[in-house]
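A look at the structure
Spelled out from the first residue to the last, the chains are:
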Amino acid sequence: MKTHGARRNTSISVVAVLLCAGLVAGCSSSGVVGAKNTGGSSGGSPDKSTGSSSSSPSASALPTGKYTSVDAFYGQQISWGTCTTAPADDPKMDLSAFQCGTVDVPLDYTKPGGKYVKVAMVKWAAADPSKKVGSLLTNPGGPGASGVDFVEEAKQQFDGALHANFDIIGFDPRGLGRSEPIRCLDDKTQDALYEEDSPKDPAARKAKAEQDSKDLAAACEKNSGDLLPFVGSNNVAKDMDVMRQVLGDKKLNYLGISYGTYIGSVYAEQFPDKVGHLVLDGAVDPNADQLESNVQQMVGFEQSLEKFASDCVTNHASECPLTGDGKAAAQQLGTFVDGLRDHPLPTGSGRKLDQSLGWTGVIIGLYGDVGSSWWQYLREGLTRAMKKGDGSVLLAGADQYNGRDDNGHYSTEQDGLIAVRCADFSTPAPSAEAVQKAYDELKAGAPILNSDLSKDDLAEPMCGDWPYQTPEKPHQIKAEGSDPILVVGTTGDPATPYQNAVNLAKGFANARLLTRVGTGHAAFGSGNACAQSAMEAYLISGTLPADGTRCTA
């Protein structure tokens, strides 16, 4: 099981002040709305003198002097070769079907003669060259998730019509994955942060969040400071256009999932005449108020929690540790996980399952749909924890979501998430009225996930301590002059609520909305044959689903 594109929130207070009121999940007692979620993190061997990875790359080590103009980057050729690095989740994966390479992009598009970044790419060549219509670029979101890993791990989801007609192309955006990743904190520091529940007292919690935020910003600037000003979707969109040209495509065919939809939207805004067949699934609304967006996401997770609990007691009573009706069972679950603050569970690894990690292990399961392996995992994890006092299953889920492997090394996804979000959106501290509104909505719509929420948890500006303050603000993207864009939304999607897709499609000058009726995050690979075939038909032939199409299966 893998949660591609699911890096939304974080339960550690280190990110609280940086991202409050501005990520896709706001802030609360452990750093976000609901205090219950998480993201990836940094990796590498710790350098005790700096607290960074000893092998942390920085922009100062980037190559320079090879190109003299932006046009020169468009004229390069990719040297495809054997893929040698398997995804961390599956180090023994057979990579023989894939080819890997890099494309050079300028660090600073205003200074193309300076340093440049090598962006990692993977290609699964089209199965039938006679049917090939071009390349299909894809990004699974995060921001911070690896597009290279996504193509390799989701090979089955692309198999069939898409692979018959396209070279399937994944890439790691600049500053992420294999493409000069941003690195901030070492593994031991990340462990300490994830495994320490935030203080119960609101004032102490706020003070800790502010200090953690300052420490994180300083570490990121020290270890990757030269690169930080040049990450973010505006530059990634430009990189994608270089890829389009180098791959030999007149227009960009693209599948963006979750935060990958924002990258696709920015591309359409910058290069509307180069838009080919774009599918944006599990949409981020570029015009949304960030605090309100965070609130709606947390309400969505609470709704998914109640649906899971109801399904658990109704359809899986023999393997469900919960009792009562759906609402009572959900409250029972919440009370148990909150209780891990004072009574953490052993896991057999020497590590404890506390409240923060417990909620992370629950939230990752809620990205699934009814009948999915994620809900099965969640039933098993809760049963082990609630009935046997064993937190190992939920801890394994939390570790996967946090990007922690069995050796205690973290991926760079959380560092990348922070850097990209702070590059893409800047939001001032919300007004007292906005904080009160958000607080009331959370207490009414997501009380289980916000049992110890205070207004102070919602009041900090996004990225307030970040060393590079972006001018970017939420705005409507129209992409006048583009070919039609297919936007896909799932009615019960907790991570990217359905209204995001409605708003994104309405904002575009030329778009069609496809609705998947169900729960879980995004439609691609969900098992919904109607939605899958509609997306494939548009990507391959440009055939749009009928206006108002709703896919129930």
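Just above sits the structure.
Each residue is numbered by its place in its chain's sequence as written, counting from 1. This being a predicted model, a pLDDT of at least 70 is required before a residue's local features are given, and a value of 80 or more before pairs of side-chain atoms are given or counted; all residues contribute to the totals for chains, interfaces and linings. Hydrogen atoms and water are omitted, and side-chain values are computed over all heavy atoms in the structure.

The subject of this paragraph is the packing of helix α12 (residues 355-365) against helix α14 (residues 392-402). The N-to-C vectors of α12 and α14 enclose an angle of 80 degrees; their axes lie 7 Å apart at closest approach. As judged from the angle between their axes, α12 and α14 are roughly perpendicular. Residues L357, T360, G361, V362 and I364 of α12 touch α14, and the partners they reach there are L394, L395, G397, A398, Q400, Y401 and N402. Think of it as three bins: nonpolar holds Ala, Val, Leu, Ile, Met, Phe, Trp, Tyr, Cys and Pro, charged holds Asp, Glu, Lys and Arg, and polar takes everything else, Gly as well. Here the residues of the contact of α12 with α14 are counted per class, giving 7 nonpolar, 5 polar and no charged. For helices, the axis comes from a line fit to the C-alpha atoms of the stretch in contact; other axes are also lines fit to C-alpha atoms, and the angle between any two N-to-C directions lies between 0 and 180 degrees. Secondary structure elements follow DSSP: runs of H or I of four or more residues count as helices, runs of E of two or more count as strands, with numbering from the N terminus. Roughly parallel here means an angle under 35 degrees, roughly antiparallel means over 145, roughly perpendicular means 65 to 115, and every remaining angle is called oblique. In this description, contact between two residues means that some pair of their heavy atoms is separated by no more than 4.5 Å.

A few words on the nonpolar core. Nonpolar side chains in soluble globular proteins tend to end up buried together. Among the nonpolar cores identified, the biggest contains 66 residues, and M240, W466, V487 and F508 are the most heavily contacted of them. A per-element tally of this core places helix α8 (residues 233-247) first, with 6 residues. Setting aside chain neighbours within four positions, we find V487 in contact with L280, A283, A501, L504, A505, F508, R512, L513 and L514. Here the nonpolar core consists of buried residues drawn from Ala, Val, Leu, Ile, Met, Phe, Trp, Tyr and Cys, with membership extended through side-chain atoms lying within 4.5 Å. The buried label applies to any residue whose accessible area, calculated with a 1.4 Å probe on protein chains only, is under 20% of its type's maximum; exposed applies above 50%, and partly exposed to all values in between. Counting 48 residues, the second largest nonpolar core, distinct from the first, contains F308, C312, V362 and A438.

The method is simple in principle: a probe with the dimensions of a water molecule rolls over the atoms, and the space it marks as empty is what remains. With a 1 Å grid laid over protein atoms only, a set of points is called a cavity when a 1.4 Å probe fits there but cannot get out and a pocket when it is open yet has protein on both sides within 12 Å along at least five of seven lines; lining residues have an atom within 4 Å of a point. Grid points are joined across faces, edges and corners, and a volume is the space filled by probe spheres set on the points. Going through the model one piece at a time under the given rule, you end up with 4 cavities of 30 Å³ or more. In this structure, the second largest cavity spans a volume of roughly 70 Å³. Taken together, 13 residues make up the lining of the second largest cavity; nearest its centre are P143, P173, L176, I263 and V420. For the lining of the second largest cavity, a count of residues per class yields 8 nonpolar, 5 polar and no charged.

Because each turn of an α-helix spans 3.6 residues, side chains separated by three or four positions in sequence point in the same direction. With 14 residues, helix α16 (residues 432-445) extends 20 Å between its outermost C-alpha atoms, agreeing within 8% with the 20 Å of an ideal straight helix rising 1.5 Å per residue. All of the buried residues along α16 are V435, A438 and L442. One face of α16 carries all of its buried residues, which in axial projection span an arc of 65 degrees. Structural note: α16 exposes A432, E433 and A444 on the side pointing more than 90 degrees away from its buried face. Tucked inside the fold, the buried residues of α16 contact α10 (290-315). By definition here, a helix of n residues has an expected span of 1.5 Å times n minus one. By definition, the arc is the one covered by directions from the helix axis to the C-beta atoms.

With that out of the way, let us pick up the sheet that holds strand β9 (residues 275-281). Note on pairing: two strands pair once DSSP finds at least 2 bridges between them. Spatially, β3-β4-β5-β7-β6-β8-β9-β12-β13-β14 is the arrangement adopted by the 10 strands of the open sheet, whose pairing is mixed. Only two strands of the sheet have a single neighbouring strand rather than two, namely β3 (81-82) and β14 (550-551). With 2 bridges connecting them, β3 and strand β4 (residues 99-106) associate as antiparallel partners. Within the sheet, the bridge partner assigned to G81 lies in β4 and is C100.

Our focus in this paragraph is the state of the cysteines. Only a pair of cysteine sulfur atoms within 2.5 Å qualifies as a disulfide here. Taken as a whole and judged by the stated rule, the model has 5 disulfides. In this model, C184 is linked to C220 through a disulfide, with the two sulfur atoms separated by 1.9 Å. In this structure, the disulfide formed by C184 and C220 twists by about 110 degrees around the S-S bond and is classed as right-handed. In this pair, C184 sits in the loop between β7 (166-171) and α6 (187-194) while C220 sits in helix α7 (residues 202-224), placing the two residues 36 residues apart along the sequence. The same class applies to C184 and to C220, which are both buried. Disulfide pairing places C312 opposite C320 at an S-S distance of 2.0 Å. Handedness here is read from the sign of the S-S torsion; for C312 and C320, about 120 degrees, the answer is right-handed. Taken as a pair, C312 and C320 share a single burial class, namely buried.

Right, let's get into the side chain of R174. Turning to its location among the elements, R174 is positioned in the loop between β7 and α6. Polar contacts here mean pairs of N or O atoms no more than 3.5 Å apart (in protein, one a potential hydrogen donor and the other a potential acceptor; neighbouring residues in sequence count only if both atoms are side-chain atoms). A distance of 2.6 Å separates the side chain of R174 from the backbone oxygen of P106, its partner in a polar contact. If we skip the residues at most four places from it in the chain, R174 touches V105, P106, L107, Y109, V117, S179, F230, V231, N235, V236 and D239.

A few words on the pattern of salt bridges. Salt bridges are defined by distance alone: a side-chain nitrogen of Lys or Arg within 4 Å of a carboxyl oxygen of Asp or Glu. Applying the stated rule across the entire model yields 25 salt bridges. Ionic pairing is found between K118 and D104, a salt bridge with its closest N-O pair at 3.1 Å. Within this pair, whereas K118 is found in strand β5 (residues 116-124), its partner D104 is found in strand β4, the two being separated by 14 residues in sequence. Using a relative accessible area of 35% as the deciding quantity, one classes K118 as partly exposed. Relative accessible area serves as the criterion here: at 3%, D104 is assigned to the buried category. Linking R379 and D311 is a salt bridge whose minimum nitrogen-to-oxygen distance equals 3.9 Å. In this pair, R379 sits in helix α13 (residues 373-388) while D311 sits in helix α10, placing the two residues 68 residues apart along the sequence.

The subject of this paragraph is α14. Counting buried residues along α14, 8 of its 11 residues qualify, which places the element largely inside the surrounding structure. Taken as a whole, α14 has its buried residues at V393, L394, L395, G397, A398, D399, Y401 and N402. Here the buried face of α14 lies against α6, β11 (352-353), α12 and α13. Note on α14: the residue one or two positions beyond its end, G403, has a positive phi of about 80 degrees.

What follows is about unusual backbone geometry. At the junction of G142 and P143, the peptide bond is cis and its omega measures out at -5 degrees in the coordinates. Among the secondary structure elements, P143 is positioned in the loop between β6 (134-139) and α3 (147-153). Although it is not a glycine, S258 sits at a positive phi angle of roughly 60 degrees. Within the secondary structure, S258 is located in the loop between β8 (252-257) and α9 (260-270). You can call S258 buried: its relative accessible area is 0%. You will see that A522, though not glycine, has its phi angle at about 70 degrees, which is positive. Along the polypeptide, A522 turns up in the loop between β13 (511-519) and α18 (529-541). With a relative accessible area of 5%, A522 lands in the buried category.

That's the geometry; what it means functionally is another story.
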